[in-house]
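Structure at a glance
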Amino acid sequence: MQPSHGRGQMLLPYPVNMTTEELAWYEWTRDRWYFLLVQHGRDAQSSSSSSLSELPALRTLPTKYELVRYRLPPISSSIAATTAAAENGCNYDFKSPPEYVNTLLLHHPSITSQTISMPPKILPGVTLLASYPRSGNTLLRTLLEKVTGIVTGSDTRPDRTLSKALSTVHSLVGEGITSHSKVCVIKTHFPERRGYMMYNAKRVILLVRNPFDAIDSYWNMCCTNTHTESVSEDVYERYRDKFRALALNEMGTWADFLRYWLLNCDTTLRQSNDACDNHSGSGGPCILLVRFEDLVQNTEKVMQEVIRFMTVECPLNDTPLHPFWRWRIRRALNLECHLDASNTKDNRVNNVSVDTTKLGSYEPRSMNDEDSCSKRKQSSFGKSLLKKRYSAQDLCNMQDTVEKKVLYQSSGQRVNLLQLFGYDVFLQGFPRNFDEPNMEDSWSFIYPTEMGKNKVSSTIRVNQGQELRPAGSPYGRAMTRWRKSQTCDDTKPFERKSK
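Described in the following lines is the structure provided in the data block. Because the structure is a prediction, the values reported are computed rather than measured. (Residues numbered from 1 in each chain as written. Predicted model: local features only at pLDDT ≥ 70, side-chain atom pairs only at ≥ 80, totals over all residues. Heavy atoms only, no water.)

1. What about the packing of helix α11 (residues 299-311) against helix α12 (residues 323-332)?
The N-to-C vectors of α11 and α12 enclose an angle of 140°; their axes lie 10 Å apart at closest approach. What the angle tells us is that α11 and α12 run oblique. Of the two possible hands of crossing, α11 and α12 adopt the one that is right-handed. Each of Glu300, Met303, Gln304, Ile307 and Thr311 in α11 lies in contact with α12, whose residues at this interface are Trp325, Arg326, Ile329 and Arg330. When the residues that make up the contact of α11 with α12 are grouped by side-chain class, the tally is 4 nonpolar, 2 polar and 3 charged. (Axes fitted to C-alpha atoms, helices over the stretch in contact; angles between N-to-C directions. Helix = DSSP H or I, 4+ residues; strand = E, 2+ residues; numbered from the N terminus. Parallel < 35°, antiparallel > 145°, perpendicular 65-115°, else oblique. Left-handed = near helix turned anticlockwise from the far one by under 90°. Contact = heavy atoms within 4.5 Å. Nonpolar A, V, L, I, M, F, W, Y, C, P; charged D, E, K, R; others polar.)

Listed below in structure tokens is the structure:
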């Protein structure tokens, strides 16, 4: 393929006769070349007789226009033939850059070995994205697809109404895909509900949202059978008892969901204070806790932690995130990309406000277009409390439910799950405590200090075992039957909140 001229620059056109999947891989490979060129082109130009203007311009697209691809290249393509991507389930071995890239990069002393090496591969196996429903997994999936360019999967049956909406309307085309050869991240709600396929996962990202808003959003999803619409205040009033009963039950489900993953992953927590208790998280797959509120308020920092968890074998050591990934994250967030800054030795980021309502596959129902970005973020946390969805007695009952489901540190200290994440209304003042600009996490003690050091990572079987709700519970999938019974089989839907 010969570069062509245009306005004094040599441009690389797209090759012809490539499939969509091959084009996606071509864009991804070209993006890395562009990063390496721009990263060190200024220094190389100052010490070389050749000019950057004489090099092909590897222009990049905004990430929202990039094609997403499966984890492995198409077997029949020339790309697959020139990479080792099919080995060990890894996908980040690239075609060798053309000679002009090698000439520019490899003969300049300022280039670090980390930069000229391939970006760290996404680790083999499946990284699980586990969350209670309505906790922000769609936002995180969309951001991961923008950063990695790889489709994210889901173990939800793809022919369900909500799954079809995600794939056909909201561009998450990986619904129903659980093969590690196609995707590296798979969304699950297990054990809140069981997915339609069993599979193994090697790492777990546990995404947590305050239960008051998550449960309120779950109610609206059940009542509207959509991800984005809300029922009117009249519906809340008419079915007040139903909503209150659902909220109390789901508070227990929310706590049990967190208990399941904290006890079955590699953590320091126990389910009882008994010194002989062997039911602790020690020995399970590695886990990363991500709070939805942090994802919204400190998006760049959280995404760096997530990508680092997916690419670094020992996530607790001091290995910095590769500058290529930091650059990709900033591009995905529509932030100005200063490549010199992205090559720093640490992972410090500026607390730049990112409007996440425009980055997800759909705009969340809790946001108000009339508010500024920063104001919308703060006002969206605990919005169900500000709307007084729960009475004072409801809140007491809900928090008492969580108090009965405490975990224990190895020292015997009790761990209340609401307080662990800063969600206690009475003792921590949620949601006012999240108005602080740098709300720190408080759960570092759950990570074993030896995590990843000379340790064989174990796997977990997903969708094997019982669901959290008992059989016949009216608050899980049975909510569909209830909605249809109240709306003449959805022919007379609940009144929606006006936008």
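2. Observations regarding the pairing of strand β4 (residues 127-131)
Burial runs high along β4: 5 of the 5 residues are buried. Taking every second residue as pointing to the same face, both faces of β4 are buried, with Thr127, Leu129 and Ser131 on one and Leu128 and Ala130 on the other. Where β4 and strand β8 (residues 203-208) come together, 5 bridges link them in parallel fashion. Its bridge partner lying in β8, Thr127 is registered against Arg203. (Buried < 20%, exposed > 50% of the residue type's maximum accessible area, 1.4 Å probe, protein only. Pairing = 2+ DSSP bridges.)

3. Examining the nonpolar core
Judged by nonpolar contacts, the single largest core of 103 residues is most densely connected at Leu206, Trp219 and Leu262. Element by element, the count of residues in this core is highest for helix α9 (residues 240-264), at 11 residues. (Core = buried A, V, L, I, M, F, W, Y, C linked by side-chain atoms within 4.5 Å.)

4. Topic: empty space enclosed by the protein
Taken as a whole and judged by the stated rule, the model has 3 cavities of 30 Å³ or more. Empty space within the second largest cavity amounts to approximately 50 Å³. Lining the second largest cavity, in full, are Ala24, Glu27, Trp28, Glu66, Leu67, Arg69 and Gly149. Its residues assigned to classes, the lining of the second largest cavity shows 3 nonpolar, 1 polar and 3 charged. (1 Å grid on protein atoms, 1.4 Å probe; cavity = no way out; pocket = protein on both sides within 12 Å on 5 of 7 lines; lining within 4 Å. Points joined across faces, edges and corners; volume = space filled by probe spheres on them.)

5. Looking at helix α6 (residues 161-168)
Within α6, the full set of buried residues consists of Leu162, Ser163 and Leu166. Along the axis of α6, the buried positions cluster into a sector of 100°, meaning they face one direction only. Buried-residue contacts for α6 involve α5 (137-148), β6 (185-188) and α7 (211-224). (Arc of directions from axis to C-beta.)

6. What to know about the pairing of β6
Alternating residues of β6 divide into Val185 and Lys187 and Ile186 and Thr188, and every residue in both groups is buried. Note: β4 against β6, 4 bridges, orientation parallel. Looking at β6, one finds that Leu129 is bridged to Lys187. Handedness of the β-α-β unit built from strand β5 (residues 153-154), α6 and β6 comes out left-handed. (Right-handed = clockwise from strand over helix to strand, strands pointing away.)

7. Some thoughts on the packing of α9 against helix α16 (residues 392-403)
One way to put it is that α9 packs onto α16 with a least axis distance of 8 Å and a crossing angle of 25°. By the angle class used here, α9 and α16 are roughly parallel. Once α9 is placed against α16, the crossing between them reads as right-handed. On α16, the residues that touch Arg244, Ala247, Leu248, Met251, Gly252 and Ala255 of α9 are Asp394, Asn397, Met398, Thr401 and Val402. Taken together, the residues of the contact of α9 with α16 break down into 6 nonpolar, 3 polar and 2 charged.

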